[in-house]
Amino acid sequence: MPRAVSLIRSASLSDVAEYAYAATAPAEARLIFLAGACPLDATGATVAVGDYAGQAAQAVANLRTALGDAGATMEDVISTRVLVASSRQQDLGTAWTVVRDAFGDHDVPSTLMGVTVLGYSDQLVEIEAVAAVLDA
């Protein structure tokens, strides 16, 4: 099945970034705007309290579920924003490693941000995403 998302890597920019610098989708693609995936279990409780990697893993799992419900997969994601409730780069890096690994070779353009606080009690990580699919 053809994919709508084309990742763009720039030879004019540093190769230090662990993601593509841009992505495109054709005009006929259906865009899917996902709410921030949070580290909540099926009952709405925050999981992995105090654990950046554990919360990132749950947020990724919830992102996969939301994508599936919208008819998409991780390979259809065109961009992400990863929010981490911390001012420490180490904590951001811990969450980022989990998210990056979940995408594998599909290294979508991403923004990683440290924020003061997130919406749920004990929440440390949230992942926003946009996906694009070509419907048959």
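(A) Summary view of the nonpolar core. If you look at the biggest cluster of nonpolar residues, it comprises 30 residues, and the most contacted ones within it are Leu-63, Leu-67 and Ile-127. If you list the elements that add at least two residues to this core, you get β3 (30–37), α1 (52–69), β4 (77–85), α2 (89–103) and β6 (125–133). What Leu-67 contacts, discounting residues up to four positions off in sequence, is Leu-34, Ala-72, Thr-73, Met-74, Val-77 and Ala-131. Counting residues in hydrophobic clusters, the runner-up holds 6 residues, among them Ala-4, Val-5, Ile-78 and Val-130.

(B) Spatial organisation of the side chain of Asp-91. Looking at the element boundaries, Asp-91 is found in helix α2. Here Asp-91 falls in the buried class, since its relative accessible area comes to 11%. For Asp-91, the contacting residues outside a window of four places in its chain are Tyr-52, Val-84 and Ser-86.

(C) Molecular detail of the sheet that holds β4. If you trace the 4 strands from one edge of the open sheet to the other, you get β3-β6-β4-β5, paired in mixed fashion. Each having just a single partner strand, β3 and β5 (110–115) make up the two edges of the open sheet. Strand-to-strand twist across the sheet, computed as the mean angle between neighbouring axes with direction ignored, equals 10°. Where β4 and β6 come together, 7 bridges link them in antiparallel fashion. By the bridge assignment for β6, Thr-80 is matched with Ala-129. Strand contacts of α1: β3, β4 and β6, with the helix running at about 30° to β6, the strand carrying the most contacts. Together, β4, β5 and β6 form the strand contacts of α2, whose direction differs from that of β4 by roughly 155°.

(D) Geometry of the packing of α1 against α2. At a closest axis distance of 8 Å, the pairing of α1 and α2 adopts a crossing angle of 35°. At the point where α1 passes α2, the crossing takes the right-handed sense. For the pair α1 and α2, contact is made by Tyr-52, Ala-53, Ala-56, Ala-57, Val-60, Leu-63 and Arg-64 and by Asp-91, Thr-94, Ala-95, Val-98, Val-99, Ala-102 and Phe-103, respectively. Grouping the amino acids of the contact of α1 with α2 by side-chain chemistry returns 11 nonpolar, 1 polar and 2 charged.

(E) Geometry of the environment of Arg-3. Note on placement: Arg-3 falls in the segment before β1 (6–8). A relative accessible area of 39% places Arg-3 in the partly exposed class. Here Asp-76 takes part through its side chain, which lies 2.9 Å from a polar atom of the side chain of Arg-3.

What counts, and at which threshold
- Residues numbered from 1 in each chain as written.
- Predicted model: local features only at pLDDT ≥ 70, side-chain atom pairs only at ≥ 80, totals over all residues.
- Heavy atoms only, no water.
- Core = buried A, V, L, I, M, F, W, Y, C linked by side-chain atoms within 4.5 Å.
- Buried < 20%, exposed > 50% of the residue type's maximum accessible area, 1.4 Å probe, protein only.
- Helix = DSSP H or I, 4+ residues; strand = E, 2+ residues; numbered from the N terminus.
- Contact = heavy atoms within 4.5 Å.
- Pairing = 2+ DSSP bridges.
- Axes fitted to C-alpha atoms, helices over the stretch in contact; angles between N-to-C directions.
- Left-handed = near helix turned anticlockwise from the far one by under 90°.
- Nonpolar A, V, L, I, M, F, W, Y, C, P; charged D, E, K, R; others polar.
- Polar contact = N/O pair within 3.5 Å; in protein donor to acceptor, adjacent residues only side chain to side chain.

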